[in-house]
Amino acid sequence: MRGAVIHAPGDVRFETLDDPKILKPTDAIIRTAVTCVCGSDLWPFRGLDTTDEPHPMGHEYVGFVEEVGSEVTSVRPGQFVVGSFATSDNTCANCRNGFQSNCLNREFMGTCQAEYVRIPNAQGTLVATDGTPGEEFWPGLLAVSDVMGTGWWAADAAEVGPGSTAVVVGDGAVGLCAVIAAKERGAERIIAMSRHKSRQKLALEFGATDIVTERGDEGVARIKDLTGGIGADSVLECVGTAQAMRQALHSARPGGSVGFVGFVGVPHDVAVDGQELFFSHVGLRGGPAPVRRYLPDLIERVLTGRIDPGKVFDLTLPLEQVGEGYRAMDERRAIKTLLTP
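For clarity, every value in this text was computed on a predicted model and none was experimentally measured.

Undergrad: For this particular structure, what's the right way to read the sheet that holds strand 1 (residues 2–8)?
TA: Two strands in a sheet stick together by hydrogen bonds in their backbones, pointing the same way (parallel) or opposite ways (antiparallel). An order of 2-1-4 is seen for the three strands of this open sheet, with the pairing classed as antiparallel. Only two strands of the sheet have a single neighbouring strand rather than two, namely strand 2 (11–16) and strand 4 (55–56). Relative to strand 2, strand 1 runs antiparallel, the two sharing six bridges. Bridge pairing links A4 to F14 in strand 2.

Encoded structure:
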């Protein structure tokens, strides 16, 4: 098969790879319907994460089951499935508590920008749709496998509820999906922090009521101005940098909550002052999104047309042009690149 391999910062190639095989009775093999480039993929592409040797890339996927291991009974060959970037058996104590991304048998996906993918823990990870969805739904379902699930987790962790005021820090795909999540969870006011016109437009389409272009202390001051000097009930931190976390914590009111998911749960150089947090009365929760917890609900919302997170894909390329997909996102010419095998 063919797939994406990163060799060094700025160097992602489309190469011939070994076909995936069933290695464990809990595995499945899927034929990729669509895949994509994630904001977190840009960390190694930019050299901020080390690439010691060439390796495959990608952790977002939807596709058709080709083969299953002997212990997989929840899905069968031919079915269209949606999964998560973190695999889970969905039976261990952590999974039963709703934190499948901390499954005791968790494996992180990393080979999904390819024509075929091996899915570990397939029994607990994959969710089959009722029949094959129309191709118009594939981008939205692909978003559910990561960025929409992560945006929903940000809203959940920040305790967004009916009538609340929510601030979304970050205008990438996760941040934009977090706007959708905040609206779906009943937020009355949704303040999106963004400096980019195209992303502001999409945020407003998704349900944002206000746009704040300032960053850092100026951004915090603007949030305070919009919230009677107090701050927001919920702040959804969707960037993963020290500045973004500081901005999020300072934008929440006393008694408010911050949900931090960063670039799909990968914060960089973020440190929290314990004394400052203590006296702020702000709640803080985050980590890799338990996407599997939300999959059935989010799949239904997409297929019924209630949400359309697939709109975050503003560039579609054949998989063989994956390197250009990375470059377009790195240069902010695209929010998120959809790849078609």
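Continuing now.
Undergrad: Would you explain unusual backbone geometry in this entry?
TA: Here the phi dihedral of H281 falls at roughly 60°; this positive angle occurs in a residue that is not glycine. Note on placement: H281 falls in the loop between helix 10 (274–280) and strand 16 (283–286). Positive phi outside glycine occurs at R332, with the angle close to 60°. When you line up the elements, R332 lands in the loop between helix 12 (322–330) and strand 18 (337–340). Since its relative accessible area comes to 41%, R332 is described here as partly exposed.

Undergrad: What should I look at first to understand the packing of aromatic side chains in this one?
TA: The relative placement of two aromatic rings is captured by the distance of their centres and the angle of their planes. Within the structure shown, the criterion is met by seven aromatic pairs. On the numbers, 5.3 Å between centres and 85° between planes, the contact of F64 with F80 is edge-to-face. Taken as a pair, F64 in strand 5 (residues 61–68) and F80 in strand 6 (residues 80–82) lie far apart in primary sequence, 16 residues in all. Here F99 and W153 contribute two aromatic rings whose centre-to-centre distance is 5.7 Å and whose plane-to-plane angle is 85°, an arrangement assigned as edge-to-face. One end of the pair, F99, is in the loop between helix 2 (93–96) and strand 8 (107–108); the other, W153, is in helix 5 (residues 147–157), with 54 residues separating them in the sequence. Since its relative accessible area comes to 2%, W153 is described here as buried. In this structure an aromatic cluster arises from ring pairing among F64, F80 and W138.

Undergrad: Would you explain the pattern of salt bridges in this entry?
TA: Tallying each qualifying case throughout the model produces 19 salt bridges. Here R118 ties to D27 by a salt bridge, and the two come within 2.8 Å at their closest N and O atoms. Residue R118 is located in strand 9 (residues 116–119), and its partner D27 is located in the loop between strand 2 and strand 3 (28–36); the two are separated by 91 residues in the primary sequence. Close ionic contact of R46 with D330 constitutes a salt bridge, the shortest N to O distance being 2.6 Å. Note that R46 is positioned in the loop between helix 1 (42–45) and strand 4 and D330 in helix 12, a separation of 284 residues in sequence. Look at D330 and you get partly exposed, because its relative accessible area is 28%. Beyond isolated ion pairs, a larger network of salt bridges with shared partners links E184, D297, R301 and R306.

The rules behind these values
Residues numbered from 1 in each chain as written. Predicted model: local features only at pLDDT ≥ 70, side-chain atom pairs only at ≥ 80, totals over all residues. Heavy atoms only, no water. Pairing = 2+ DSSP bridges. Helix = DSSP H or I, 4+ residues; strand = E, 2+ residues; numbered from the N terminus. Buried < 20%, exposed > 50% of the residue type's maximum accessible area, 1.4 Å probe, protein only. Phe/Tyr/Trp six-rings, centres within 6.5 Å; stacked < 30°, edge-to-face > 60°. Salt bridge = Lys/Arg side-chain N within 4 Å of Asp/Glu carboxyl O.

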